[in-house]
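A look at the structure
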There are 2 protein chains.
Amino acid sequence: MKKSYNNGVEATLGVISGKWKPQLLCHLGKRPQRTCDLRQKLPAISQKVLTQQLRELESDGVIVRHIYGDRAPFKVVYALTDLGRSLGQILVQMSVWGEQRASEVPDMEIRNGHSGFNQILNQPTEAL
Amino acid sequence: MKKSYNNGVEATLGVISGKWKPQLLCHLGKRPQRTCDLRQKLPAISQKVLTQQLRELESDGVIVRHIYGDRAPFKVVYALTDLGRSLGQILVQMSVWGEQRASEVPDMEIRNGHSGFNQILNQPTEAL
DNA sequence: CAGAATCCAAATCGATACTG
DNA sequence: CAGTATCGATTTGGATTCTG
């Protein structure tokens, strides 16, 4: 069915919002990662939701999923696409804005700085 | 209670995501508006949710609420704050990214271009 | 005119058990 | 190892009614 948005902001929000998506994009921005790597970096995410969010990012075209092996146990690697990397500037700016705001609001903390997202920018395109 | 985010992106998403918030910010980016103006521009939003989203934007400091009159009927005007206007660049970029993506994806349409958000940028600060 | 109060529906997220 | 399936909890948005 046809997706319709009032403006581009909503379309972009549809791609990057999701409880774990910013963190997933951040980790994948550093390098491609296996499922077990991601689970290790995000111990609190449940199996179901991890798969779910990855599938959504994939169907939105910002990450790709590569499967290695012909029978279990499989090796599955997720990596940013060019489209995904093109989100880099936006993610960095959103991160900086959020940090600035947090610095002015008491009772608001941000655990990781924007440098994580910065790495998305200088990352070569993966060979497919 | 203390709000804690993993990164600035989540903090920013917390401010701008909400079913009607991008549209509200877009309209308020043009000029301050009364409640009835906003209802007219967003006929599909319910009373409750309009108030709710405006209250959240207000408590996040991106809009202000001014009340005129000492007894009913009141005149309530909402306007972007400097902090709200500082979201302009991000909103424009998100809008452009969303539009570009939509132009490459069949079955995806975006009704309003990014020019709406562009107006946030060249808007003088309101007198308080 | 603007909004509070209820009650309800839908979307998201999570815990757990199971499969190739 | 990676993923599906189910069920339940939480969050979010909506319809309606009422008030100063």
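This text follows the structure it describes.
Remember, predicted model here, so these are calculated numbers, not experimental data.

Side note on unusual backbone geometry
Residues and elements named next belong to chain A. Each neighbour pair has its own omega, and for Ala 72 with Pro 73 the value is -5°, a cis peptide bond. Examined against the element boundaries, Pro 73 turns out to sit in the loop between β3 (63–68) and β4 (75–80). Here Asp 107, not a glycine, exhibits a phi torsion of approximately 65°, which is positive.

Here we look at the sheet that holds β3 of chain A
Residues and elements named next belong to chain A. Strand order in the open sheet formed by 3 strands is β2-β4-β3, with antiparallel pairing between adjacent strands. Of all the strands in the sheet, the pair left with one neighbour each is β2 (33–34) and β3. Both β3 and β4 contribute to a ladder of 6 bridges, which runs antiparallel. Pairing of Val 64 across the sheet is with Ala 79, part of β4. Against the sheet, helix α2 (residues 21–30) engages β2, β3 and β4, with an angle of about 95° to β4.

Considerations on the protein's contact with DNA strand C
Near DNA strand C lie 19 residues; those nearest to it are Lys 19 and Lys 48 of chain A together with Cys 36, Gln 47 and Arg 65 of chain B. Between DNA strand C and the protein, one listed contact pairs a phosphate oxygen with a side-chain N or O atom of Trp 20 of chain A at 3.0 Å. In the environment of DNA strand C, a phosphate oxygen lies 3.1 Å from a nitrogen or oxygen atom belonging to the side chain of Tyr 78 of chain B. At the level of elements, α4 (47–59) of chain A together with α3 (35–41), α4 (47–59) and β4 (75–80) of chain B are the ones that each hand at least two residues to the surface near DNA strand C. The element that contributes the greatest number of residues to the surface near DNA strand C is α4 of chain B, accounting for 4 residues.

What about the packing of helix α1 (residues 8–16) of chain A against α2 of chain A?
To describe two helices that pack against each other, one gives the angle between their axes and the distance between the axes. All names here are of chain A. Where α1 contacts α2, the two axes come as close as 8 Å, and the packing angle between them is 75°. Judged by the angle between their axes, α1 and α2 are roughly perpendicular. Contacts from Gly 14, Val 15 and Ile 16 of α1 reach α2 at Lys 21, Pro 22 and Leu 25. Among the residues forming the contact of α1 with α2, the class breakdown is 4 nonpolar, 1 polar and 1 charged.

What about the protein's contact with DNA strand D?
Around DNA strand D, the surrounding shell holds 21 residues, and the nearest of these are Cys 36, Gln 47 and Arg 65 of chain A together with Lys 19 and Lys 48 of chain B. When the atoms of DNA strand D within 4 Å of the protein are sorted by group, sugar and phosphate make up 60%. Between a phosphate oxygen of DNA strand D and a main-chain N or O atom of Cys 36 of chain A, the distance comes to 2.8 Å. A distance of 3.2 Å separates a phosphate oxygen of DNA strand D from a polar side-chain atom of Gln 53 of chain B. Mapped onto the surface near DNA strand D, the elements with two or more residues apiece are α3 (35–41), α4 and β4 of chain A together with α4 of chain B.

Overview of the interface of chain B and chain A
The partner chain A presents 41 residues to the 41 residues of chain B that form the contact. Both faces combined, the contact of chain B with chain A buries some 3,800 Å², and carbon together with sulfur accounts for 60% of it. Sorting the residues of chain B by area buried against chain A places Asn 6, Met 94 and Trp 97 of chain B first, and these three jointly supply 18% of that buried surface. At the surface where chain B touches chain A, the tally comes to 2 salt bridges. In this structure, Asp 60 of chain A engages Arg 101 of chain B in a salt bridge whose closest nitrogen and oxygen atoms are separated by 3.4 Å.

What counts and what doesn't
Residues numbered from 1 in each chain as written. Chains lettered and ligands numbered in written order. Predicted model: local features only at pLDDT ≥ 70, side-chain atom pairs only at ≥ 80, totals over all residues. Heavy atoms only, no water. Helix = DSSP H or I, 4+ residues; strand = E, 2+ residues; numbered from the N terminus. Pairing = 2+ DSSP bridges. Contact = heavy atoms within 4.5 Å. Axes fitted to C-alpha atoms, helices over the stretch in contact; angles between N-to-C directions. Near = heavy atom within 4 Å. Polar contact = N/O pair within 3.5 Å; in protein donor to acceptor, adjacent residues only side chain to side chain. Parallel < 35°, antiparallel > 145°, perpendicular 65-115°, else oblique. Nonpolar A, V, L, I, M, F, W, Y, C, P; charged D, E, K, R; others polar. Buried area = accessible area lost by both parts, 1.4 Å probe. Salt bridge = Lys/Arg side-chain N within 4 Å of Asp/Glu carboxyl O.

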